[in-house]
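# Structural overview for review
Now for the letters of each chain:
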Amino acid sequence: MSVARVTEIIASSNTSFDDAVEQGVKRACETLKNVEGAWVQDQKAIVQDGKIAEYRVNLKVTFILQ
């Protein structure tokens, strides 16, 4: 039997939402063991001077407890 935990991570990128997700998952895998999946709960763009300055994602990361 496995027991999983879900943690929330906010990640950002200057490039795209996809890159923000990649950065968030990469960082989660460096810190957490047994990462099994990630769900993008929310996306937000930060606008400065009429242009997108930053892409942010709110991720729910699932990992298996040992």
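Now for a quick tour of the structure.

Rules used throughout
- Residues numbered from 1 in each chain as written.
- Predicted model: local features only at pLDDT ≥ 70, side-chain atom pairs only at ≥ 80, totals over all residues.
- Heavy atoms only, no water.
- Salt bridge = Lys/Arg side-chain N within 4 Å of Asp/Glu carboxyl O.
- Helix = DSSP H or I, 4+ residues; strand = E, 2+ residues; numbered from the N terminus.
- Buried < 20%, exposed > 50% of the residue type's maximum accessible area, 1.4 Å probe, protein only.

We now examine the pattern of salt bridges. This model, assessed by the stated rule, comprises two salt bridges. Note that Lys 60 and Glu 8 form a salt bridge whose closest N and O atoms lie 3.5 Å from each other. Taken together, the positions of Lys 60 in strand S3 (residues 51–65) and Glu 8 in strand S1 (residues 3–13) put the pair 52 residues apart, joining distant regions of the chain. For Lys 60, a relative accessible area of 22% puts it in the partly exposed group. What makes Glu 8 partly exposed here is its relative accessible area of 45%. Glu 54 is the salt-bridge partner of Arg 56, the closest N and O atoms lying 2.9 Å from each other. By relative accessible area, Arg 56 is classed as partly exposed at 31%.

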